[in-house]
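# Structural characterization, general
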Amino acid sequence: MEILVYREGAKTVESGFTVEQLPELLKEEKSVIWVDMPEPTDADEQVLLEVFRFHPLTVEDCRENRHYPKVEEFPDYVYFIVHGVTANTSPDRFNTIELDGFLGHNYVITYHHEMFRSINNVKKQLSTSPVACQRGPAFLLHQILDQIVDFYSPVLDDFDERIDQLEENIFSLKQPNNVILENIMELKRSVLRLRRISAKQMDIFYRMSRGEIHLIPQQMLPFYRDIYDHLIRVTDLAENYRDLLSGALEAYLPVVSNRMNEIMKVLTIFSAIMLPLTFIAGVYGMNFEHMPELPTQYGYFVVWGFMLCVAGLMLFLFWRAGWIGSGKKTAKEEGKS
Amino acid sequence: MEILVYREGAKTVESGFTVEQLPELLKEEKSVIWVDMPEPTDADEQVLLEVFRFHPLTVEDCRENRHYPKVEEFPDYVYFIVHGVTANTSPDRFNTIELDGFLGHNYVITYHHEMFRSINNVKKQLSTSPVACQRGPAFLLHQILDQIVDFYSPVLDDFDERIDQLEENIFSLKQPNNVILENIMELKRSVLRLRRISAKQMDIFYRMSRGEIHLIPQQMLPFYRDIYDHLIRVTDLAENYRDLLSGALEAYLPVVSNRMNEIMKVLTIFSAIMLPLTFIAGVYGMNFEHMPELPTQYGYFVVWGFMLCVAGLMLFLFWRAGWIGSGKKTAKEEGKS
Amino acid sequence: MEILVYREGAKTVESGFTVEQLPELLKEEKSVIWVDMPEPTDADEQVLLEVFRFHPLTVEDCRENRHYPKVEEFPDYVYFIVHGVTANTSPDRFNTIELDGFLGHNYVITYHHEMFRSINNVKKQLSTSPVACQRGPAFLLHQILDQIVDFYSPVLDDFDERIDQLEENIFSLKQPNNVILENIMELKRSVLRLRRISAKQMDIFYRMSRGEIHLIPQQMLPFYRDIYDHLIRVTDLAENYRDLLSGALEAYLPVVSNRMNEIMKVLTIFSAIMLPLTFIAGVYGMNFEHMPELPTQYGYFVVWGFMLCVAGLMLFLFWRAGWIGSGKKTAKEEGKS
Amino acid sequence: MEILVYREGAKTVESGFTVEQLPELLKEEKSVIWVDMPEPTDADEQVLLEVFRFHPLTVEDCRENRHYPKVEEFPDYVYFIVHGVTANTSPDRFNTIELDGFLGHNYVITYHHEMFRSINNVKKQLSTSPVACQRGPAFLLHQILDQIVDFYSPVLDDFDERIDQLEENIFSLKQPNNVILENIMELKRSVLRLRRISAKQMDIFYRMSRGEIHLIPQQMLPFYRDIYDHLIRVTDLAENYRDLLSGALEAYLPVVSNRMNEIMKVLTIFSAIMLPLTFIAGVYGMNFEHMPELPTQYGYFVVWGFMLCVAGLMLFLFWRAGWIGSGKKTAKEEGKS
Amino acid sequence: MEILVYREGAKTVESGFTVEQLPELLKEEKSVIWVDMPEPTDADEQVLLEVFRFHPLTVEDCRENRHYPKVEEFPDYVYFIVHGVTANTSPDRFNTIELDGFLGHNYVITYHHEMFRSINNVKKQLSTSPVACQRGPAFLLHQILDQIVDFYSPVLDDFDERIDQLEENIFSLKQPNNVILENIMELKRSVLRLRRISAKQMDIFYRMSRGEIHLIPQQMLPFYRDIYDHLIRVTDLAENYRDLLSGALEAYLPVVSNRMNEIMKVLTIFSAIMLPLTFIAGVYGMNFEHMPELPTQYGYFVVWGFMLCVAGLMLFLFWRAGWIGSGKKTAKEEGKS
């Protein structure tokens, strides 16, 4: 547990307080107290229950690490859960980490089992300048949450890139295989998760930016509305990605079918040329005693000529039907026309 | 019928009361009376109608065992139906059991045709400590309902595991068959059922946790909100599973199509190599008297050589087109690129 | 037109009144008058317009037999349309019949062009006991409507059975054909119709059970809420059936594709075995003068042996690739694993 | 421009007024004035702007002919746009024509670039009886709008018929071709358009029938509610058609796939019978010097017999697998079972 | 930065003011001041912060160029973001440019990084006539926004044309290829973007046209409602295009499948004719010593005749099954029937 205190008018944020000093500190009405609990212990929970007198159920919610974002207002404090992205998250396995927190009239508590880059950033910032604390705990909280939401942006860019590349892979499909499908499924799962989390988070900030939470003063609302706007974009992009992935999956099957058509054509062309030729050769392989063509001088060569004609005719018919040759050219023309 | 009574300030919960004592017990304003009716008889129903004077329609609802979760408020009591999971439920055949119940200002009645693990648990708990009764009937009811909802968690984990394994089966598909499809359909049916039930249950607890039910006092609301939060997660996961299963079904067809492409390729490659060779053999099987190649010394071997060349050329063409060889490698590279 | 009258305190329901007596009867404030108009005539409509003074548009609505369920409140009366199921309806061709009706402060009018089993049942009941009339016209109406909604249950069971059997047919598909598809389409159409009707009906009973209709007294509301609950189940099941049918259609294509894979495999296996063998036979059918194998003593048998080896090798390769043999076993194992 | 005036108590509707008389006529508080502007000129628009003093933007809206149905209330008048069906509309190319109009406290204005059958009908009616005018301008307007909505019915019947026939074509599919697909797409487009228009129109009449428009008096509301009910049906049917067409498209692919299965079966059966036979013939076409079967007396016939056995065995196997014969019968049985 | 000022009653709009004059100008209550900031600099932002005293967050929003349309009301001013179409946008790559702006009680500020044709148009107009300014800043703003929305129309027409042509390409599909699929995907992406933007914009103008923004006076509302109506059409068309593109994608797969059926038929017909003939030829190529047909005078010709019969029979069977010949005719008849 780390306790940071900003006393009104001070030029720095003091740190290094102990738990025992907390009750005293909380009595300073004008101070801003930030209690950060990374990897919290049972003792930390006791502090929440006994010093801050939070509802036992919310403290229990803190401990369990699998809740959805939410905000709950109590007479003296606000309890919230928001989700940040993990440091090494990837579009294939998008994951979030949970930040529990409390906002009181002169304190902010953050409680998390995993490392939050955003919290570290704010701490670093406070070590040089107390600006983030000067406007009260709601502003300090805004600073933390804003950073958390900002860390979604690079993840969204990753999604963007992956989906672009996936679509390209689908259409340039050299070898139909299931890897692309598995990629689509994994991305879809991640996107669904992203959308769920950010939609829930959006609801929270909607409530926060509308003045519903009485501990967030009127003049702070534009700042929370700013985060809300950011989350609208995140949710919107997540929905966009979901649509694009659905489209990718829908487009995949026709691509495979087109490919199957190509394979079938090769087979059909081969069969249609070779079967008649083989038949002709078979005819002159018959052992009838009376076959007028056999004893002729040039019969063999005439048959060869005939067979070449048949093969040529077949090729011509398939070419005219558009099955062979200029395939790519036609495709492009159709596209342009 | 089993009657448990907690008298204010008592250290234990008394049991072993008879139906005849009920009217007397109900007059004790400060007691908490729990009437549990497992496998209820007609006599039990008479008690509901005559001792508790419940509306005949609600008692009829109790008897019929196929209602959806609901809560109905009456002037003196609340009637509710919630669904728990059966003890041996599986993702393939998800099933629920119905618990009917009544909450009065000093009693809780539970009415169920099947065994509820949650009710047994609460009874066991009460036999050692009266804590669950000390805060009034609304808290006792909360204890029962909380347990019922907790039993959904292992079922959700089962779903999770089954869907994961199903997706794996789809992509590792050795032999296209309908078993996977049947599994998807069964799971989908279960998930739809789970979602319906939990969504309906969510509505009930939403109403209960908002203070709409006057028999649930203000200080009990956070406890009911806790169950509500839990049900949000259940419903949300059920929706997630439904999306994943839809995705699995959507992905299945392309997987089968990819497989068909593979089969077609094998067929095409065989035909494209064998048909020309057979034709060549057929040509030299013709019986023309004048075929210059036949009498030559090495004609046979030259033809063999030529046939090998043709076969080699075909293999080379197919290899270059990516139809044979390094298929899996290419797939992985595409995936990674 | 049939007129039934229950006079307060009477032990039986009187019948056999004529139209001319109606104005007199309507003046009896405490009686319950039920006017049933099966296969109504123009004269009946005149009664509605002149004796009851209903709005001409509602009487016109009665006459036209293709309206959706609705309820309209007028200062003195309520006009409603509900739909019952036809006696011989089937899941393939689900059809409803229309019941128009009016509820006044001392009368109920039912107007219908087709026979309603529910109306006959209530009449039969009234001929033995006046209970259904003793609580006023709103209760009498409830009795009729309750019966109408009850008749949906067997139809729903029929749907259930048909869909179960359809799913089974899809997966046990011996011969891909369009009959199953036609069945799915017919059932879907029926289910869509059922859902539409019951959803509209649900809205009506929602309004009726909320006390919106002032002619339905407060103490009658639980009875209407009971019908509403029943319709929730009907609508819910209809939605469930729609989802199952959509799933069935979605599953059908992969089943057909799986089957096509099977057919393709048979073709490929035959071709892959027979084409090389035919080629080998063709080779030794060539007429070259110098073919070292031909004059040998056991050449023929060696070739046979070689051909058997080739065939065996092919079969082995296909078996190893999982194309032949133990197909079903593998399928089950995959399913279980 | 055509001006029709009904003066209170008159027995006929007068016509033949000129624009110059309009200001005078408008002062007659108790008259009902209908100004119809078919193929309106710039002069007509001037009248709207200067005599009636309508907002310039609404007059501009009138001129442009591509607006959606809407209703706008102004202090003295109501401006509305509704869409009627064109006289020769067809399900393939469903099209609507726009009617702009104004309702004032003693006038109705209709403004349209194309001929409206409904307007002609109302005019014809007025030439024989002034009934439609006797209840004021709101009733006159109702008469016009009611006719417009009535003309949707035959179009809906056409849709019904076309979709029925389309479904039949899909399942009786003799020759897979794209014509059916094109039909589905055209119909879908039309249905989407119909639904959009009628849904928008429904909103308008919902507002009109709720008493939101102060120029429509209370006693007129049931008449507007009647049109609203009619539009509910239109929208509902349009949605139904959309669902059916989606279903038809969904069913088309399996039908084509079934057909492909049939084709593949024919190919496979032919190959599976002919390839082994050809191989056998090839074997005895080999030129080995020592082939014990060749010199035998009945070898040729034995081979023929053997080949017939092979062919028969193949046919038997395919028959047992359900690939040949009694296909249709099986199909029906499956359907019935 | 360009400053245009209209002083009440003036005949022209003055321009050429400098930043330094702004504070003075803003004091002129009755003037209309338009500050246009194309390619804004840091100095411009300082003006927004210091002269106009806008909230720092909104100024920051201006700078960042990737926000969604929105409108935010502050006590003295309104901040809005709307999106216009880029000059050279195409349906394949639909793109929008962002216009940030402020509306005060006597000024309009437009802030944009890219060239807006609509702004240039309004400026040109103002250089000849001050009409657009005479009704106050809300009307000036309306003029600008109206132009922006008008520029969507040609883009929509482009979409319309592209989709029409795409559908045609699908059905006239000569050569199945992925170009059409790529086109569909690109268009879909554009349409999704268009719909998102215009839906968000619609919300803004809905609020503006309802009198929610106090800086837009009552008599201006019809003008904003006009833009709102226009955006309803844009959004509606975008939804229509999305539906059409989804339909196009859905129709593509059956088209490809139909084509595959055609290919399979060609293959099957060839195989079914050639395989039996080759078999017959093979039979008479056998080297049995006792083959009664071989020594006959006309055996060879009889076999030729028999082979022609077989081929003819096959062709007849395929023709009767509808696989060959009159394919197109049948298709049309089916379409018409």
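Here the residue numbering is sequential within each chain, running from 1 through the sequence in written order. Chain A is the first chain written and ligand 1 is the first ligand written, with later ones labelled in order. Confidence filtering applies because this is a predicted model: local features only for residues at pLDDT of at least 70, side-chain atom pairs given and counted only at 80 or more, and all residues used for totals across whole chains, interfaces and linings. Side-chain numbers here rest on the full set of heavy atoms in the structure, without hydrogens or water.

## Focus on unusual backbone geometry
Stated formally: Helical segments are the DSSP runs of H or I of at least four residues, strand segments are the runs of E of at least two, and each set is numbered from the N terminus. Remark: exposure states derive from per-residue accessible area (1.4 Å probe, protein chains only) relative to the maximum for the residue type, with buried under 20%, exposed over 50%, and partly exposed in between.
Phi is positive for Arg53(D), which is not a glycine, with a value near 55°. Its place among the elements puts Arg53(D) in the loop between helix H2 (42-51) and helix H3 (56-63). Its identity as a non-glycine residue notwithstanding, Glu39(E) has a phi of 40°, on the positive side. Within the secondary structure layout, Glu39(E) lies in the loop between strand E2 (32-38) and helix H2 (42-51). A relative accessible area of 63% places Glu39(E) in the exposed class.

## Some points on the sheet that holds strand E4 (residues 78-85) of chain C
All names here are of chain C. The condition that has to hold: Two strands qualify as a pair provided DSSP detects at least 2 bridges between them. Axis lines are fitted through C-alpha atoms, for helices just across the contact stretch, and the angle between N-to-C directions can take any value from 0 to 180 degrees.
Strand order in the open sheet formed by six strands is E1-E2-E6-E5-E4-E3, with mixed pairing between adjacent strands. Both edges of this open sheet fall to strand E1 (2-6) and strand E3 (70-73), since each of them pairs with a single strand only. Each adjacent strand pair in this sheet contributes to an overall mean axis angle of 15°, direction not counted. Alignment of strand E2 (residues 32-38) against strand E6 (residues 107-112), held across six bridges, turns out to be parallel. Opposite Trp 34, over in E6, you have Val 108 as the bridge partner.

## Some remarks on the sheet that holds strand E5 (residues 96-103) of chain B
Residue and element names in this part refer to chain B. If you trace the six strands from one edge of the open sheet to the other, you get E1-E2-E6-E5-E4-E3, paired in mixed fashion. Every other strand in the sheet has two partners, leaving strand E1 (2-6) and strand E3 (70-73) as the edge strands with one partner each. Direction aside, the axes of adjacent strands within the sheet are offset by 15° on average. By the bridge criterion, four bridges tie E5 to strand E6 (residues 107-112) in an arrangement that is antiparallel.

## Side note on the packing of aromatic side chains
What characterises a pair of aromatic rings is the spacing of the ring centres plus the angle enclosed by the ring planes. We count it as follows: Pairing of aromatic rings covers Phe, Tyr and Trp, the last through its six-membered ring, and needs centres within 6.5 Å; plane angles under 30 degrees mean stacked, over 60 mean edge-to-face, and all others mean tilted. Charge over a ring is defined by NZ of Lys or CZ of Arg lying within 6 Å of the ring centre and within 35 degrees of the ring normal.
In the structure shown here, the tally under the stated rule is 92 aromatic pairs over all chains. Seen in terms of ring centroids, Phe54(A) and Tyr107(A) are 6.4 Å apart; in terms of plane orientation they differ by 45°. Their pairing is tilted. With Phe54(A) in the loop between helix H2 (42-51) and helix H3 (56-63) and Tyr107(A) in strand E6 (residues 107-112), this pair connects stretches of sequence that are 53 residues apart. On the accessibility criterion, Phe54(A) (3% relative accessible area) is buried. A relative accessible area of 7% places Tyr107(A) in the buried class. Chaining the aromatic ring pairs together yields one cluster made of Phe52(A), Phe54(A), Phe74(A), Tyr77(A), Tyr79(A), Phe102(A) and Tyr107(A). The ring of Tyr68(D) is capped by Lys200(D), whose NZ or CZ atom sits 4.6 Å from the centre of that ring.

## A look at the relation of the copies chain E and chain D
Here two copies of a chain appear, and what relates them is a rotation about an axis with a shift along it. Just so we agree on the cut-off: The copies were overlaid by least squares, fitting only the C-alpha atoms of residues that reach a pLDDT of 70 or more in each copy. Any two residues whose heavy atoms approach within 4.5 Å at even a single point are treated as in contact.
For the match of chain E to chain D, the screw axis carries a shift of 0.0 Å, the RMSD comes to 0.1 Å, and the turn is 72°. Put plainly, the chains are arranged around a five-fold axis. Among all residues of chain E, the minimum C-alpha distance to the rotation axis is found for Gly285(E), at 4.6 Å. Both copies present different contact surfaces, since only 20% of the interface residues of chain E are interface residues in chain D too.

## Considerations on a negative patch on the surface
What counts is decided by this rule: Two joining distances apply to patches: 9 Å for like charges and 5 Å for nonpolar side chains (Val, Leu, Ile, Met, Phe, Trp, Tyr), and every residue must have over 30% relative accessible area and no salt bridge. Using the Shrake-Rupley algorithm and a 1.4 Å probe, accessible areas are obtained, with residue cover drawn only from the displayed protein chains. Basic side-chain nitrogens of Lys or Arg form a salt bridge, by our definition, when they fall within 4 Å of a carboxyl oxygen of Asp or Glu. Under this rule, positive means Lys or Arg and negative means Asp or Glu; His and the chain ends count for nothing. Taken as the charge centre is NZ of Lys, CZ of Arg, CG of Asp or CD of Glu, depending on the residue.
Taken together, the side chains of Asp157(A), Asp158(A), Asp160(A) and Glu161(A) define an acidic patch exposed on the protein surface. Secondary-structure assignment places Asp157(A) in helix H7 (residues 152-171).

## Points about the confidence of the model for chain A
Residue and element names in this part refer to chain A. Basically, it comes down to this: Per residue, pLDDT captures the predictor's confidence, and it can take any value from 0 to 100.
Chain-level pLDDT for chain A is 87 on average; 95% of the residues reach the 70-or-more range. The least confident element of chain A is helix H11 (residues 327-336), whose mean pLDDT is 41; the most confident is E6, at 94. Taken as a whole, residues 327-337 scores under 50 in pLDDT and shows 14 contacts with residues more than four places along the chain or in a different chain. This complex was scored by the predictor with a pTM of 0.83 and an ipTM of 0.77.

## Focus on a nonpolar patch on the surface
All names here are of chain A. Side chains of Leu 313, Phe 316, Leu 317 and Trp 319 sit close together on the surface and give an oily, nonpolar patch of about 410 Å² of accessible area. If you trace the backbone, Leu 313 turns up in helix H10 (residues 299-320). Its relative accessible area of 47% is what places Leu 313 among the partly exposed residues.

## Regarding H3(A)
Within H3(A) the residues assigned to the buried category are Leu57(A), Thr58(A), Val59(A), Asp61(A) and Cys62(A). Contact partners of the buried residues in H3(A): H2, strand E3 (70-73), strand E4 (78-85), strand E5 (96-103) and E6 of chain A together with helix H9 (221-283) of chain B.

## Focus: the interface of chain E and chain D
The line we're drawing: The quantity reported as buried area is the accessible area (1.4 Å probe) lost by two parts once they are put together, taken as the sum for both. Here a polar contact is taken to be a pair of N or O atoms separated by no more than 3.5 Å, where protein atoms must pair a possible hydrogen donor with a possible acceptor and residues adjacent in sequence count only if both atoms sit in side chains. Just so you know the grouping, Ala, Val, Leu, Ile, Met, Phe, Trp, Tyr, Cys and Pro go in nonpolar, Asp, Glu, Lys and Arg go in charged, and all remaining residues, Gly too, go in polar.
At the junction of the two partners, chain E supplies 60 residues and chain D supplies 59 residues. Carbon and sulfur atoms make up 62% of the area that chain E and chain D hide from each other, which totals about 5,500 Å². Of the charged contacts in the structure, one is a salt bridge between Glu72(D) and Arg225(E), with a shortest N-O distance of 2.9 Å. Applying the counting rule to chain E against chain D returns 16 residue pairs in polar contact (both at pLDDT 80 or more). Of all the elements, helix H9 (residues 221-283) of chain E adds the most residues to the side of chain E that touches chain D, at 36 residues. Here the side of chain E that touches chain D is built from residues that sort into 29 nonpolar, 17 polar and 14 charged.

## Digging into the interface of chain B and chain C
Contacts between chain B and chain C engage 58 residues on the former and 60 residues on the latter. At the boundary of chain B with chain C, total buried surface from both sides reaches about 5,500 Å², with 62% on carbon and sulfur atoms. Seen at the junction of chain B and chain C, the total is seven salt bridges. The salt bridge involving Asp229(C) is made with Lys70(B); its shortest N-O contact spans 2.1 Å. Applying the counting rule to chain B against chain C returns 16 residue pairs in polar contact (both at pLDDT 80 or more). Of all the secondary-structure elements, those providing two or more residues to the side of chain B that touches chain C are helix H3 (56-63), E3, helix H7 (152-171), helix H8 (178-209), H9 and helix H10 (299-320) of chain B. Tallying contributions element by element places H9(B) first for the side of chain B that touches chain C, with 17 residues. Looking at side-chain class alone, the side of chain B that touches chain C contains 32 nonpolar, 14 polar and twelve charged residues.

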